[in-house]
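Analysis of the macromolecular model
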Amino acid sequence: MDRWQLALDSLWPLVRAALIGTIPLTLISFILGLIVAVLIALAKLSKIRALRLFGSFYVSLIRGTPLLVQIFIIFYVFPFIGIRMDAWTCGIIALTVNVGGYAAETIRGAILAVPKGQWEASATINLDYVTTLRRIILPQAFKIAVPPLSNTFISLVKDSSLVSTIGVLELLRQAQVIATPTYDFLTLYIEAALIYWAICIVLSFAQKRLENYFDNKATV
Amino acid sequence: MSLLSVRGIHKTFGKNQVIRGIDLDIEPGTVTVIIGPSGCGKTTLLRSLNGLESPEKGVVSIDSVQVNYAEKPTAADVSLLRSKTGFVFQAHHLFPHRTVLQNVTEGLIYGPSLKRPASEANALGQSLLDQVGLGDKAKAYPSDLSGGQQQRVGIARALALQPKLLLFDEPTSALDPEIVGDVLQLMRKLAREGWTMAVVTHEIQFAKQVANNVVFVDQGVIVEQGTPQEVLANPRHPRTREFLRRVLDPLADDAEYAEEVAS
Ligand SMILES: Nc1ncnc2c1ncn2[C@@H]1O[C@H](COP(=O)(O)OP(=O)(O)OP(=O)(O)O)[C@@H](O)[C@H]1O
Ligand SMILES: [Mg+2]
């Protein structure tokens, strides 16, 4: 079969795999990962030594092991302890756990970058710890963290291709599935690469818009 | 009975004994001005009154609340103390991501002890902004305001929780000289309205006009206190005299210059 014809025929299935696989996978694990990251960052900033140790342990473990290995471990550990979990869920859990470790350091730095006076002013109007974080500190910390977190997000789009190895049907997996009967892996992989690239170009553009938006909004 | 009573405050930073046994009483409806050289512990003393600083020893009672720092007060105890005080910082520390009105109402709406419905809080917040002369700035962000306006929002924020005692830490020191007056006039107005205030400041003129009690602190202790007439016009202690001389005439002891003029 003609290369170009194959590329054309597989375009929609690949885009579809990006739309129902790659993009939701990335979005869901990023949002869940941010929640993990905030909790780990707070643990590392805690007054309680055990929490600080746990936070450091978590970050060190996640950053010190390959994502691919983390994905395999999570995929095999659930059956091992007797829990049935589909590949999709395993993929999301693995990516969440991973993003949580990386974004935790970003968020910890951003929380520390919020001036101490903001904590003190909150204390004088008698806000408690959780309210101070939620209303005063985290909104300012997120603003500081937007540029590095956008980079984390863009990396995650590409890293999500690794869950193809456990059979999650996303962009790369779809390319493999189409290529296998035709043996034309080159065409399909190039096509998949171009689609990843297109998604990242759009995201970089959105990142700039977002940063400008935050720059224009009331600053410190 | 005193509104505020402080007994035996001691605070050390590392090896640096910053507050070395301070007792202080403040009567309801009075203004106490705290003066003293840089680094003598004024800020530390003021922050100890609402638990922003935790002294090793000492008892602070405001209204019906008592905190004994020697017995490691709980967060709830400190929170009670804070509910009796409002604090105005030198560098205002407004919340940059909230509007002026939200800065004032934040504690009313989200302070766990007295959650108010938003409509009630907004009405109160707006009336406080009117009171500090910023009624038309409710929707602005702090960064849109001048330094003097920002500080007046800081004061409105402190008033919002209707504290028994207002604490001011050098509220005008970071301001351009020509707008210092705005803030001092507002504070004088508050004093006339009967607010009880403790003010750390270098504005001797304000102390003369507004203070009921002037407290001179040096090296972590109260050296002397009394009416402005007593402490500012007829200081008994040499250290007070020396301090006032330097504050009132900062160019006074410049030996080199004196020689130049003489020759
Ligand atoms: N958090 C801190 N850690 C260590 N030392 C501190 C801390 N806060 C204050 N100090 C020290 O305590 C002393 C008293 O400080 P404080 O801020 O109370 O003085 P002050 O009278 O308010 O001075 P100023 O007029 O300059 O504001 C200073 O020597 C200061 O360096
Ligand atoms: Mg000070």
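A short tour of the structure in this document, coming up. (Residues numbered from 1 in each chain as written. Chains lettered and ligands numbered in written order. Predicted model: local features only at pLDDT ≥ 70, side-chain atom pairs only at ≥ 80, totals over all residues. Heavy atoms only, no water.)

A word on the site of ligand 1
Residues and elements named next belong to chain B. Neighbouring residues of ligand 1: Phe13, Asn16, Val18, Pro37, Ser38, Gly39, Cys40, Gly41, Lys42, Thr43, Thr44 and Glu170. Between an oxygen atom of ligand 1 and a side-chain N or O atom of Thr43, the distance comes to 2.6 Å. Within the side chain of Glu170, a nitrogen or oxygen atom sits 3.3 Å from an oxygen atom of ligand 1. With the chains in place, 59% of the 640 Å² that ligand 1 exposes on its own is no longer accessible. Its residues assigned to classes, the shell around ligand 1 comprises four nonpolar, six polar and two charged. (Near = heavy atom within 4 Å. Polar contact = N/O pair within 3.5 Å; in protein donor to acceptor, adjacent residues only side chain to side chain. Areas by Shrake-Rupley, 256 points an atom, 1.4 Å probe, with all protein chains shown as cover. Nonpolar A, V, L, I, M, F, W, Y, C, P; charged D, E, K, R; others polar.)

Topic: helix α6 (residues 177–192) of chain B
Residue and element names in this part refer to chain B. If you check α6, its first and last C-alpha atoms are 24 Å apart, about what 16 residues at 1.5 Å a residue would give, namely 22 Å. Of all the positions in α6, only Ile179, Val180, Val183, Leu184, Leu186, Met187, Leu190 and Ala191 are classed as buried. Down the axis of α6, the buried set is contained in an arc of 155°. They therefore lie on one face. Those residues of α6 that are exposed and aimed more than 90 degrees away from the buried face are Glu178 and Arg192. (Helix = DSSP H or I, 4+ residues; strand = E, 2+ residues; numbered from the N terminus. Expected span 1.5 Å × (residues − 1). Buried < 20%, exposed > 50% of the residue type's maximum accessible area, 1.4 Å probe, protein only. Arc of directions from axis to C-beta.)

Comments concerning a nonpolar patch on the surface
Residue and element names in this part refer to chain A. A cluster of nonpolar side chains, Trp12, Leu19, Ile20, Ile23, Leu27, Ile28, Ile31, Leu32, Ile35 and Leu39, forms an exposed patch at the surface whose accessible area comes to about 940 Å². Turning to its location among the elements, Leu27 is positioned in helix α1 (residues 3–45). Residue Leu27 is classed as partly exposed on the basis of its relative accessible area, which comes to 41%. (Patch = residues over 30% accessible without salt bridge, like charges linked within 9 Å, V, L, I, M, F, W, Y side chains within 5 Å. Salt bridge = Lys/Arg side-chain N within 4 Å of Asp/Glu carboxyl O.)

Overview of the packing of aromatic side chains
A ring pair, where both rings are aromatic, is described by two values, the distance of the centres and the angle of the planes. All names here are of chain A. Under the definition given, this model contains seven aromatic pairs over all chains. Between Phe30 and Phe153, the ring centres sit 4.8 Å apart and the planes meet at 75°, which makes this aromatic pair edge-to-face. Separated by 123 residues along the polypeptide, Phe30 in helix α1 and Phe153 in helix α6 (residues 129–159) bring together distant segments of the chain. Like Phe30, the residue Phe153 is buried in the burial classification. Consider the rings of Phe54 and Tyr58, whose centres lie 6.4 Å apart with planes at 45°: the pair is tilted. (Phe/Tyr/Trp six-rings, centres within 6.5 Å; stacked < 30°, edge-to-face > 60°.)

Regarding the packing of helix α3 (residues 67–80) of chain A against helix α4 (residues 87–113) of chain A
Residue and element names in this part refer to chain A. Running from N to C, α3 and α4 point in directions that differ by 135°, and their axes come no closer than 9 Å. The pairing of α3 with α4 is recorded here as oblique in orientation. For the crossing formed where α3 meets α4, the hand is right-handed. Each of Leu67, Gln70, Ile71, Ile74, Phe75 and Phe78 in α3 lies in contact with α4, whose residues at this interface are Ala87, Cys90, Ile93, Ala94, Leu95, Val97 and Asn98. The class makeup of the residues in the contact of α3 with α4 is 11 nonpolar, two polar and no charged. (Axes fitted to C-alpha atoms, helices over the stretch in contact; angles between N-to-C directions. Parallel < 35°, antiparallel > 145°, perpendicular 65-115°, else oblique. Left-handed = near helix turned anticlockwise from the far one by under 90°. Contact = heavy atoms within 4.5 Å.)

Points about the nonpolar core
Counting 124 residues, the largest nonpolar core has B:Leu4, B:Ile35, B:Val60, B:Leu129, B:Ile155, B:Met187 and B:Met197 as the members making the most contacts within it. In this structure, B:Val60 is in contact with B:Leu4, B:Ser5, B:Val6, B:Ile9, B:Ser48, B:Leu49, B:Val65, B:Gln66, B:Val67, B:Tyr69 and B:Leu81, ignoring residues within four places of it in sequence. Grouped together as the second largest cluster of nonpolar side chains are 15 residues, A:Leu6, A:Ile154, A:Tyr196 and A:Cys200 included. (Core = buried A, V, L, I, M, F, W, Y, C linked by side-chain atoms within 4.5 Å.)

Considering the interface of chain A and chain B
Listed as interface residues are 20 residues of chain A and, on the opposing side, 24 residues of chain B. With both sides pooled, the region where chain A packs onto chain B buries about 2000 Å², and carbon together with sulfur makes up 59% of that total. A:Glu120 serves as the salt-bridge partner of B:Arg47, at 2.7 Å between the closest nitrogen and oxygen. Between chain A and chain B we count seven residue pairs in polar contact (both at pLDDT 80 or more) in total. (Buried area = accessible area lost by both parts, 1.4 Å probe.)

Considerations on the environment of B:Arg245
Residue and element names in this part refer to chain B. Its location among the elements puts Arg245 in helix α9 (residues 238–248). Not counting residues up to four positions away in its chain, the partners in contact with Arg245 are Ala252 and Asp253. Separated by 3.2 Å, the side chains of Arg245 and Glu242 make a polar contact.

Here's the deal with the sheet that holds strand β9 (residues 213–218) of chain B
Residue and element names in this part refer to chain B. Ordered in space as β6-β7-β8-β3-β9-β10, the six strands form an open sheet in which the pairing is mixed. The open sheet terminates on both sides in strands that have one partner only, identified here as β6 (85–88) and β10 (221–226). Geometrically, the sheet is characterised by an average inter-axis angle of 20° between neighbouring strands, direction not taken into account. (Pairing = 2+ DSSP bridges.)

Looking at the sheet that holds strand β5 (residues 65–68) of chain B
All names here are of chain B. Taken together, four strands build an open sheet; the order of strands is β2-β1-β4-β5 and the sheet is antiparallel. Two strands close off the open sheet at either side, each with one partner strand: β2 (16–26) and β5. Across this sheet, the average inter-strand angle for adjacent strands is 15°, counted without regard to direction. Sheet topology places strand β1 (residues 4–13) next to strand β4 (residues 57–62); five bridges connect them, and they run antiparallel. Within the sheet, the bridge partner assigned to Ser5 lies in β4 and is Ser61. Running at roughly 135° to β5, helix α2 (residues 75–83) makes contact with β4 and β5 of the sheet.

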